[in-house]
Amino acid sequence: MKQCGDARQEALRRLYDGYVDTYRLQDGTLPRMMQLKLAHTGFVVKNAMLIADGETFDALERETSLAAALLHDTGRYEQLKRYNTFRDSDSVDHAVFSHDIVKASGWLEESGVARPDAVLGAILYHNRRDLPEGLDSVTLAASQTVRDADKLDIFRVLQHEIATTDWRNDRQAFWNLATEDPPNPEVIACIEARRPVDYQKIKSLSDFVLIQVGWMVAGLYYATSRRLCAERGHLKFRRDFLHQITDDPAVDRVCDIAERVLMEAEGGVAG
Ligand SMILES: [Fe+2]
């Protein structure tokens with residue numbers, strides 16, 4: 001069963017790669033921003049595999065989750081080509097866009113995945129603040145896996161951005177967010193209440209980083225995801241970075257909450 005699932009994932013991967021190839025330039029390379037999305041997709045699939053293994057998914061949950069991970073950002077290439085931005089608020093909702101492209105492509109039928117509807121659902125819901133009520137167990141597993149696997153890679157991307165840009169002087173590095181402003185108290189209050197934070201509340205670079213600390217508190221669904229997050233040192237990186245840009249004592253308060261949540265996941269696996 002697992003081998004059949006792997007063959008279908010391979011078929012899907014070939015179809016996806018063929019689609020991405022249509023965005024290549026004359027010299028065979030992808031525009032840089034598209035190449036970053038392709039790399040992101042590869043990491044999200046790897047994270048999804050680790051989650052499927054860690055959570056001992058059955059064959060159907062695994063196949064559906066890996067397919068959804070591969071396809072979740074399919075619309076990013078066309079979004080960039082048409083609108084020259086990844087900002088959904090200035091263009092299209094990229095999850096809806098990805099869903100529509102995948103649905104119209106016929107790849108899911110061609111590759112023979114068992115639950116095309118669940119793959120499409122997981123793509124559609126991957127960027128929503130909340131999942132709809134009443135999803136069946138396979139759609140739910142695939143949706144939660146993609147959302148966790150995506151966040152785990154966004155942790156990597158932020159660290160890469162900080163390491164490779166002159167973020168203190170180049171405001172473009174983080175969408176013109178003020179590097180020196182203190183955290184928005186509303187963001188802190190949401191995280192302390194273990195509620196998801198609305199992205200409209202992001203006013204400064206600290207808010208942007210704190211949102212990700214908030215994901216560690218309440219945004220990672222699976223214990224395996226929290227364990228991976230702890231093992232990769234993403235919280236320590238954010239705590240150290242936040243200390244560089246603000247002396248607001250709320251930073252340590254929310255980082256301590258996240259640390260406790262992540263330690264529980266680590267302990268849960270060890271024990
Ligand atoms: Fe996405």
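Right above here is the structure, for reference.
Here's a quick rundown of the structure. Here the structure is a predicted model, which means the values were calculated and not measured.

**Looking at the coordination of the iron ion**
The iron ion binds to the protein through D73 (OD), H94 (NE2) and H126 (NE2); the donor distances cover 2.1 to 2.2 Å. Counting residues between consecutive donors of the iron ion along the chain gives the motif D-x20-H-x31-H. With a gap of 21 residues between them, D73 in the loop between α3 (59–71) and α4 (76–83) and H94 in helix α5 (residues 94–105) connect regions that are remote in the sequence.

**Some words on the side chain of N184**
Relative to the helices and strands, N184 resides in the loop between α8 (137–164) and α9 (185–192). Take N184: its relative accessible area is 10%, and that puts it in the buried class. At 3.0 Å, the side chain of N184 and the backbone oxygen of K201 are in polar contact. Once residues lying within four places of it in the same chain are set aside, the contact partners of N184 are K201, K203 and D207.

**A short note on the environment of C190**
Relative to the assigned elements, C190 resides in helix α9. Residue class for C190 comes out buried when judged on its relative accessible area of 9%. Discounting chain neighbours no more than four positions away, the residues touching C190 are R195, P196 and V197.

**Details of the pattern of salt bridges**
Summed over the entire model, instances satisfying the criterion amount to 20 salt bridges. Between R13 and D17 there is a salt bridge whose closest N-O contact spans 3.6 Å. With R13 and D17 both in helix α1 (residues 2–21), this residue pair falls 4 residues apart, about one helical turn. Take R13: its relative accessible area is 26%, and that puts it in the partly exposed class. With a relative accessible area of 28%, D17 lands in the partly exposed category. Ionic pairing is found between D53 and R62, a salt bridge with its closest N-O pair at 2.9 Å. Exposure remark for D53: the relative accessible area of 47% places this residue in the partly exposed category. For R62, a relative accessible area of 13% puts it in the buried group.

**Some thoughts on the packing of aromatic side chains**
Applying the stated criterion to the full structure yields 10 aromatic pairs. Ring geometry for F57 versus Y222: centroids 5.7 Å apart, planes at 70°, classification edge-to-face. On the criterion of sequence distance, the pair formed by F57 in the loop between α2 (32–54) and α3 and Y222 in the loop between α10 (205–219) and α11 (223–231) is long-range, its members being 165 residues apart. Geometrically, the ring pair formed by W167 and F241 is edge-to-face, given 4.7 Å between the ring centres and 70° between the ring planes. Linking W167 in the loop between α8 and α9 with F241 in helix α12 (residues 234–245), this pair joins segments that are 74 residues apart in sequence. Classification of W167 by relative accessible area gives buried; the value is 9%. Judged by its relative accessible area of 3%, F241 falls in the buried class. An aromatic cluster of at least three residues, connected via ring pairs, comprises Y16, Y19, Y23, Y77 and W107. Seen from the ring of F86, K37 lies directly overhead, with NZ or CZ sitting 4.9 Å from the centre.

**Considerations on the side chain of H99**
Within the secondary structure layout, H99 lies in helix α5. Here H99 is in contact with L120, I123 and L124, once residues within four sequence places are set aside.

**Section: α10**
Given a rise of 1.5 Å per residue, 15 residues ought to cover 21 Å, and the 19 Å separating the end C-alpha atoms of α10 matches this to within 8%. The buried fraction of α10 amounts to 14 of the 15 residues, a majority that puts the element mostly inside the structure.

**Considerations on the environment of Q212**
Position of Q212 among the secondary structure elements: in helix α10. As a C-alpha pair, Q212 and I154 span 58 residues in sequence and 8.8 Å in three-dimensional space. In this structure, Q212 is in contact with I154, F155, L158 and R238, ignoring residues within four places of it in sequence.

**Overview of unusual backbone geometry**
Here the phi dihedral of N84 falls at roughly 60°; this positive angle occurs in a residue that is not glycine. With respect to the helices and strands, the residue N84 is situated in the loop between α4 and α5. On the basis of relative accessibility, which here comes to 66%, the residue N84 falls in the exposed class. The phi dihedral of R194 falls on the positive side, at around 60°, and the residue is not glycine. Along the chain, R194 falls in the loop between α9 and α10.

Calculation rules
- Counting from 1, residues in each chain are numbered in the order their sequence is written.
- Local features in this predicted model are restricted to residues of pLDDT 70 or higher, and side-chain atom pairs are both shown and tallied only at a pLDDT of 80 or more, whereas totals for entire chains, interfaces and linings draw on every residue.
- Only hydrogens and water are set aside; all other atoms, that is, all heavy atoms of the structure, feed into the side-chain values.
- A donor here means an N, O or S atom no more than 2.8 Å from the metal, or no more than 3.2 Å when the metal is Na, K or Ca. Since water is not included, a site may seem to lack partners.
- Under the scheme used here, helices are H or I runs from DSSP no shorter than 4 residues and strands are E runs no shorter than 2 residues, and both carry numbers assigned from the N terminus.
- Each residue is assigned to one of three classes by its accessible area relative to the maximum for its type, calculated with a 1.4 Å probe on protein chains only: buried under 20%, partly exposed between the two thresholds, exposed over 50%.
- Throughout this description, a polar contact denotes any pair of N or O atoms lying within 3.5 Å of each other; where both atoms belong to protein, one of them has to be capable of donating a hydrogen while the other can accept it, and for residues adjacent in sequence the pair is counted only when both atoms sit in side chains.
- Residue contacts follow a heavy-atom distance rule, with two residues in contact if any of their heavy atoms lie within 4.5 Å.
- Each salt bridge in this description consists of a side-chain nitrogen of Lys or Arg and a carboxyl oxygen of Asp or Glu lying within 4 Å of one another.
- The pairing test for Phe, Tyr and Trp rings, Trp by its six-membered ring, is centres within 6.5 Å, and the orientation test on the planes gives stacked under 30 degrees, edge-to-face over 60, and tilted for anything in between.
- Over a ring means this: the NZ of a Lys or the CZ of an Arg is within 6 Å of the ring centre and within 35 degrees of the ring normal.
- Any helix carries an expected span of 1.5 Å times its number of residues minus one.

This is a description of form; function is not addressed.
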